Each structure stands twice: as C-alpha cells, then as structure tokens.
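Here are the chains, one letter per residue:
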Amino acid sequence: MAVVIPMMLLVLFGYALKLDVENVPMAVWDQSESQISREFVSRFEGSRYFSLHGYVRNYREIERAIDSGDAFVASLSQRTLRVLSSQVAQPRFN
C-alpha cells in the first residue's frame, strides 16, 4: 500500500492532469488604433493560449465581458503604447 498510492499519484499527475492554459477568451479595447497596437494584438491572435473574443469600444463593454465570463481583457491605452513605441524605437544594448 505504501508503494501503490505514490505510484498511482505519479501516473495521475504525470499523464491524466493537464495544467496547460489554452484558448483563453480575450477582449481588446484598442484606444489608439495604431500600427503598433494592431501588431501587439496580432501576437495574441497568433498564440494558442488566447482566442480573440472581440473588440470593445468602452470600459462598460469590458465590464460586461468580464461579468458575463465571455472574456479576459487586454486594454491598450495610448500611454502604454507610447512607452512600447519608445522602447521599440530606441533599443538598449548592455
């Protein structure tokens, strides 16, 4: 019995349980609608971990998507995209 239970747990956790997260529904609020933001969202679309639920136009639609369980949200603000674009334009080398 002392050997059987640990062996069963090894088989159960090794093969039966899958802890990968895939196809997480996502809604996007793209406030800037720039080329950089479209490229950023396209990387999520190309991933097996996320599936684009749709675009929203305001914060209230984000709340509805979360409350209904339809999506997790990636909200792109203009300030965040300015930081991203400045990092892309001026790479740092150590």
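Structure report, in brief. (Residues numbered from 1 in each chain as written. Predicted model: local features only at pLDDT ≥ 70, side-chain atom pairs only at ≥ 80, totals over all residues. Heavy atoms only, no water.)

Here we come to the side chain of D30. One can find D30 in strand β1 (residues 24-30). Buried and unpaired, D30 has no salt bridge, with R38 as the nearest side chain of opposite charge at 5.8 Å. Of the polar contacts made by the side chain of D30, one reaches the backbone nitrogen of S32; its length is 3.4 Å. In this structure the side chain of D30 is engaged in a polar contact, spanning 2.8 Å, whose partner is the side chain of S37. (Helix = DSSP H or I, 4+ residues; strand = E, 2+ residues; numbered from the N terminus. Buried < 20%, exposed > 50% of the residue type's maximum accessible area, 1.4 Å probe, protein only. Lys, Arg positive; Asp, Glu negative; His and termini not counted. Salt bridge = Lys/Arg side-chain N within 4 Å of Asp/Glu carboxyl O. Polar contact = N/O pair within 3.5 Å; in protein donor to acceptor, adjacent residues only side chain to side chain.)

So, on to the pairing of β1. β1 sits mainly inside the fold: six of its seven residues count as buried. By the bridge criterion, five bridges tie β1 to strand β2 (residues 50-55) in an arrangement that is parallel. Bridging from a neighbouring strand, V24 pairs with F50 of β2. Traced from β1 through helix α2 (residues 35-45) to β2, the parallel crossover comes out right-handed. (Pairing = 2+ DSSP bridges. Right-handed = clockwise from strand over helix to strand, strands pointing away.)

Everything listed here is a matter of coordinates, which is why it stays silent on function.
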